[in-house]
Amino acid sequence: MISEAIKGKLKALPFPALIPTSMKYFGFSVRDASDKRPTVRYLVEYKGMDFRVKEFFMDWFYTGFPKSLMKSLVETYSPVKDDGASGRIWYYGKNYKGNDSASTYILGTTVEIECDQHCEPDGFEAIISGMG
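We now turn to the structure provided with this report. These figures come from a predicted structure and were not determined experimentally.

Quick notes on the packing of aromatic side chains
In this description, a pair of aromatic rings is defined by centroid distance and the angle of the planes. All chains considered together, the criterion is met by 6 aromatic pairs. Here the aromatic residues Tyr 46, Phe 51, Tyr 92 and Phe 124 are joined through ring pairs into a cluster of three or more.

Here's the deal with the layout of surface pockets
Where empty space is left can be seen by rolling a probe of water-molecule size over the atoms. Of the pockets and cavities examined, the largest pocket occupies roughly 370 Å³. As for the largest pocket, its lining consists of 24 residues, and the residues nearest its centre are Lys 54, Lys 67, Ser 68, Tyr 96 and Glu 112. Going through the elements one at a time, β2 (39-46), β3 (49-56), β6 (100-106) and β7 (109-115) are the ones with two or more residues in the lining of the largest pocket. For the lining of the largest pocket, a count of residues per class yields 10 nonpolar, 5 polar and 9 charged.

Side note on the pattern of salt bridges
The tally for this structure, following the rule as stated, stands at 5 salt bridges. Among the ionic pairs, Asp 122 bridges to Lys 47, the shortest N-O distance being 3.9 Å. In this pair, Asp 122 sits in helix α2 (residues 121-129) while Lys 47 sits in the loop between β2 and β3, placing the two residues 75 residues apart along the sequence. With relative accessibility at 41%, the residue Asp 122 sits in the partly exposed group. Judged by its relative accessible area of 61%, Lys 47 is exposed.

Description of the side chain of Thr 110
Mapped onto the fold, Thr 110 is located in strand β7. When its relative accessible area of 4% is taken as the criterion, Thr 110 is described as buried. Ignoring sequence-local partners within four residues, the contact set of Thr 110 consists of Lys 54, Glu 55, Phe 56, Met 58, Thr 104 and Tyr 105.

Considering the environment of Ser 86
Its location among the elements puts Ser 86 in the loop between β4 (81-83) and β5 (90-94). Overall, Ser 86 belongs to the partly exposed group, its relative accessible area being 25%. When the C-alpha positions of Ser 86 and Ser 22 are compared, they lie 15 Å apart, and in sequence the two are 64 residues distant. Excluding residues that lie within four positions of it along the chain, Ser 86 makes contacts with Glu 125, Ile 128 and Ser 129.

Thresholds, definitions, all that
Residues numbered from 1 in each chain as written. Predicted model: local features only at pLDDT ≥ 70, side-chain atom pairs only at ≥ 80, totals over all residues. Heavy atoms only, no water. Phe/Tyr/Trp six-rings, centres within 6.5 Å; stacked < 30°, edge-to-face > 60°. 1 Å grid on protein atoms, 1.4 Å probe; cavity = no way out; pocket = protein on both sides within 12 Å on 5 of 7 lines; lining within 4 Å. Points joined across faces, edges and corners; volume = space filled by probe spheres on them. Helix = DSSP H or I, 4+ residues; strand = E, 2+ residues; numbered from the N terminus. Nonpolar A, V, L, I, M, F, W, Y, C, P; charged D, E, K, R; others polar. Salt bridge = Lys/Arg side-chain N within 4 Å of Asp/Glu carboxyl O. Buried < 20%, exposed > 50% of the residue type's maximum accessible area, 1.4 Å probe, protein only. Contact = heavy atoms within 4.5 Å.

See the structure below:
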């Protein structure tokens, strides 16, 4: 459940926050400090694993590009796979921490998801498809 104070902060964001519609989430926070990019963060539990979800508006990089999986403009941290079976294009690979991660762009919101345990792409697919 999201408090009324957090709901107010969500309405003031420069992007639509995507809240899971069918999954348990917890640790919900909104960073809205004026000196940093506004960010929504929370954890989603799926099949006994916790996934960290980070959402923000990224206007300085090519939207949809899997920035969190990129070491540079031409190199990734690991091989990256793309998927669109859920009707949303998303990318799967390792992030800079070496964790299994996914990156997508939905309705103006950049979404980065990571799991600190090994996770197959279907876990990320389930979370991305459940975002409303």
